[in-house]
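This is what each chain is made of:
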Number of protein chains: 2
Amino acid sequence: MANSASGDSVVDRIVRLLSAFPEDVSALQLSELAERSGLPLTTAHRLVRQLAAHGLLDAGPGGLVRPGLRLWELVNRTAPTLALRQAAMPFMEDIQQVLNQNVNLAVLDGWDALFVERLSRLGSVANRARVAGRMPVHTSSAGLALMAHQDRLLQSQYLDQFADPDGKVATDAVRVLLSETFHQGFAQLKGVVDPDTWGIAVPVLDPRQRAVASLGVVVPLREMRLQALVPALQTAARGIARRLNDA
Amino acid sequence: MANSASGDSVVDRIVRLLSAFPEDVSALQLSELAERSGLPLTTAHRLVRQLAAHGLLDAGPGGLVRPGLRLWELVNRTAPTLALRQAAMPFMEDIQQVLNQNVNLAVLDGWDALFVERLSRLGSVANRARVAGRMPVHTSSAGLALMAHQDRLLQSQYLDQFADPDGKVATDAVRVLLSETFHQGFAQLKGVVDPDTWGIAVPVLDPRQRAVASLGVVVPLREMRLQALVPALQTAARGIARRLNDA
DNA sequence: GCACCGCTTCCGTTGAATGGGACGATTCCA
DNA sequence: TGGAATCGTCCCATTCAACGGAAGCGGTGC
């Protein structure tokens, strides 16, 4: 065997290595990392050493490997979500102060809502949306708000993808959800993500009325201020959109 | 010429590619990216294509390259600062609400303070500390707060490094700054970063009294509530430390 | 003391990475 | 309108960096 037995490139290997870190764990044993990433121990060792030399990984004593600070720095300096985050943060903070609940900001990636930012209070209800976490479009208010305001083509691709499990029924259910969300101007899911919580999200629209992001809150089921809540979110979303377009 | 003319590995090349993105620009022309990273156009093209296949970069039409969402996701799922950020955010928000000023959270990396998080108000004073931005230890209150609470060895290494430009004078000045910061329990810099602002930072200490992070604010020079401000920061810092250790 | 386990180093093999060259598309002047 | 410059993309022979099995080394547990 020689250069790459499995036919994948160095880039593939590096990605496998970086992806091998589980979501919650911060440090991994070299041998475990090798196994998780499906790389021979020797190869993993060499790559880790090289990556660590650049600070992309941090190789501690005893083969303990953790993500490196420089990688974080590199990515967060130039992240594609940076402008969005900057535009949104002040508004998110305002929302959070007024409603005193979890606020989150998401973008659409594939058929998932990818959460870009989230503010949560010590006392507020559980919020499954983690930063850099994903939730499928149809199980999150953020996802619905995002998908409801995409162009027809993307929506139908999404719905097609969906038809597999049991034909047309599921597709129609989601279609109705999206349609309602579109006409209401906001998405809501009661007790879907978590039995005791209520997710509400509004789209952040670009000048062509496409959703570039979604702004949402997670509130307890007993929360009754829906009439005040949705307009507040919509106002904030407009503010975010304005700052995005001005910049 | 064949495999690597310049004697650097694929990892080196990838790092050069990723580092080539300027701080503020979100998209780069392929040719410019190649030049910035010092790679032959062909090589840059191939690597970009490979990285884009994994979503680490996003190759738009016409050779427009931007950082990819998946890279951001990957890094922010497993970032070494994740636990710190989670522990600190609620406290940072409280501070911000009460003082209505910029709040920032930094860690020490080399001889720099690396800013991990920052909350800023639309109306508050300018704040040079950007997320994923750096400032040298001796020109930022965050840096001073961090360095003042490190072990002797690291401090003396830092001060040595410093002696180069003009011998002992500069070293002594910084030493005094660090000593003051240590005994006061907080760092302050008036008008150093920005002529009209005042930076104040306190350390977040681990059980061995070492600074793992710093919590700071940037306020206008006229701000007079120092007596209330420092204790508020210190209380928050203790709260963060407690949550870090409990978890 | 021996067996086990995991990190590290060594080194011969070889195919993946390399990058100059060519081509097509687009833009910009003259 | 035609020609030059620019930029992305593709091709492909060359070759050296990546590969990974094997062996070494240090620590831990029985």
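Residues numbered from 1 in each chain as written. Chains lettered and ligands numbered in written order. Predicted model: local features only at pLDDT ≥ 70, side-chain atom pairs only at ≥ 80, totals over all residues. Heavy atoms only, no water.

If you tally the helices and strands in chain A, you get 9 helices and 9 strands. Seen along its three principal axes, the alpha-carbon backbone of chain A occupies a region of about 65 × 45 × 40 Å. Within chain A, buried positions represent 51% of all 247 residues. Carbon together with sulfur atoms contributes 53% to the accessible area of chain A, which is approximately 11600 Å² in total. Looking at chain A, you have 25 positive and 24 negative side-chain charges, and the mean spots of the two groups are 4 Å apart. (Helix = DSSP H or I, 4+ residues; strand = E, 2+ residues; numbered from the N terminus. Buried < 20%, exposed > 50% of the residue type's maximum accessible area, 1.4 Å probe, protein only. Areas by Shrake-Rupley, 256 points an atom, 1.4 Å probe, with all protein chains shown as cover. Lys, Arg positive; Asp, Glu negative; His and termini not counted. Charge placed at Lys NZ, Arg CZ, Asp CG, Glu CD.)

Let us look at the relation of the copies chain A and chain B. Relating the two copies of this chain is a rotation about some axis coupled with a shift parallel to it. Laying chain A over chain B is done by rotating through 180° and shifting 0.0 Å along the axis; what remains is an RMSD of 0.1 Å. Such a turn and shift between the copies fits a two-fold axis. In this assembly, 100% of the residues forming the interface of chain A have copies in chain B that are likewise at the interface, indicating an isologous arrangement. (Least-squares fit on C-alpha atoms with pLDDT ≥ 70 in both. Contact = heavy atoms within 4.5 Å.)

Moving on, we come to the domain arrangement of chain A. Domain boundaries in chain A define domain 1 (10-75) and domain 2 (81-246). Here domain 1 of chain A and domain 2 of chain A have C-alpha centroids that lie 33 Å from each other. (Domains from an automatic or database assignment.)

This part covers the packing of aromatic side chains. Residues and elements named next belong to chain A. One pass over the structure, following the stated rule, counts 2 aromatic pairs over all chains. Ring centres 5.3 Å apart and planes at 55° place the aromatic pair Trp111 and Tyr158 in the tilted group. Linking Trp111 in the loop between β4 (102-109) and β5 (112-119) with Tyr158 in helix α7 (residues 152-163), this pair joins segments that are 47 residues apart in sequence. Just above the ring of Trp198 sits the side chain of Lys190; from NZ or CZ to the centre is 4.7 Å. (Phe/Tyr/Trp six-rings, centres within 6.5 Å; stacked < 30°, edge-to-face > 60°. Lys NZ or Arg CZ within 6 Å of the ring centre and 35° of its normal.)

Time to look at the packing of helix α4 (residues 69-78) of chain A against helix α4 (residues 69-78) of chain B. Where α4 of chain A meets α4 of chain B, the axes come as close as 10 Å, and the angle between the chain directions of the two elements is 140°. It follows from the interaxial angle that α4 of chain A and α4 of chain B lie oblique. The handedness of the crossing between α4 of chain A and α4 of chain B is left-handed. For the pair α4 of chain A and α4 of chain B, contact is made by Leu71, Trp72, Val75 and Asn76 of chain A and by Leu71, Trp72, Val75 and Asn76 of chain B, respectively. In the contact of α4 of chain A with α4 of chain B, the residues fall into 6 nonpolar, 2 polar and no charged. (Axes fitted to C-alpha atoms, helices over the stretch in contact; angles between N-to-C directions. Parallel < 35°, antiparallel > 145°, perpendicular 65-115°, else oblique. Left-handed = near helix turned anticlockwise from the far one by under 90°. Nonpolar A, V, L, I, M, F, W, Y, C, P; charged D, E, K, R; others polar.)

Note on interface size: it is often stated as the accessible area lost on association of the parts. Contact with chain A, which involves 57 residues of that partner, is made by 57 residues of chain B. For the pair chain A and chain B, the two sides together bury roughly 4900 Å², of which 62% comes from carbon and sulfur. Taken together, chain A and chain B are joined by 4 salt bridges. Notably, a salt bridge pairs Glu73 of chain A with Arg134 of chain B, separated by 2.6 Å at the nearest N-O pair. The interface formed by chain A and chain B holds 8 residue pairs in polar contact (both at pLDDT 80 or more) in total. Of all elements in the fold, only α1 (10-19), α3 (41-53), α4, α5 (82-99), β4 and β5 of chain A reach the threshold of two or more residues within the side of chain A that touches chain B. (Buried area = accessible area lost by both parts, 1.4 Å probe. Salt bridge = Lys/Arg side-chain N within 4 Å of Asp/Glu carboxyl O. Polar contact = N/O pair within 3.5 Å; in protein donor to acceptor, adjacent residues only side chain to side chain.)

With that settled, the discussion passes to the side chain of Asp109 of chain B. Looking at where Asp109 of chain B falls in the secondary structure, it is placed in strand β4 (residues 102-109). In this structure the side chain of Asp109 of chain B is engaged in a polar contact, spanning 2.6 Å, whose partner is the side chain of Arg134 of chain B. Ignoring anything within four residues of it in the chain, the contact list for Asp109 of chain B reads Leu69 and Arg70 of chain A together with Leu114 and Arg134 of chain B.

What follows is about the environment of Leu18 of chain B. Along the chain, Leu18 of chain B turns up in helix α1 (residues 10-19). Relative accessible area serves as the criterion here: at 10%, Leu18 of chain B is assigned to the buried category. C-alpha of Leu18 of chain B to C-alpha of Leu51 of chain B: the two residues are 33 residues apart in sequence and 10.0 Å apart in space. Not counting chain neighbours up to four residues away, the residues in contact with Leu18 of chain B comprise Leu74 of chain A together with Leu57 and Leu71 of chain B.

What follows concerns the pattern of salt bridges. Per the stated rule, a full pass over the model turns up 21 salt bridges over all chains. Here Asp109 of chain B makes a salt bridge to Arg134 of chain B, at a shortest N to O gap of 2.6 Å. Taken together, the residues span a long stretch of sequence, with Asp109 of chain B in strand β4 and Arg134 of chain B in strand β6 (residues 134-136) at a distance of 25 residues. Connected through shared salt-bridge partners, Glu73 of chain A together with Asp109, Asp112 and Arg134 of chain B make up one network.

With that settled, the discussion passes to the pairing of strand β8 (residues 197-205) of chain B. Regular strands place side chains that alternate from one sheet face to the opposite one. Residue and element names in this part refer to chain B. Of all 9 residues in β8, 8 are buried, a share of seventy percent or more. Across 4 bridges, strand β7 (residues 187-190) lies against β8 in antiparallel orientation. Each residue of the ladder has a partner; that of Lys190, found in β8, is Trp198. Between the antiparallel neighbours β7 and β8 lie 6 residues, among them Gly191 with a positive phi of about 65°. Where β8 lies against strand β9 (residues 211-220), 9 bridges are found, and the strand directions are antiparallel. Residue pairing across strands places Trp198 opposite Val219, the latter belonging to β9. The hairpin turn running from β8 into β9, its antiparallel successor, is 5 residues long, and Gln209 in that turn takes a positive phi close to 65°. (Pairing = 2+ DSSP bridges.)

Topologically, Ile14 of chain B is positioned in helix α1. On the accessibility criterion, Ile14 of chain B (6% relative accessible area) is buried. Separated by 34 residues in sequence, Ile14 of chain B and Val48 of chain B have C-alpha atoms that sit 8.9 Å apart. In contact with Ile14 of chain B, other than residues within four places in its own chain, are Val11 and Ile14 of chain A together with Leu51 of chain B.

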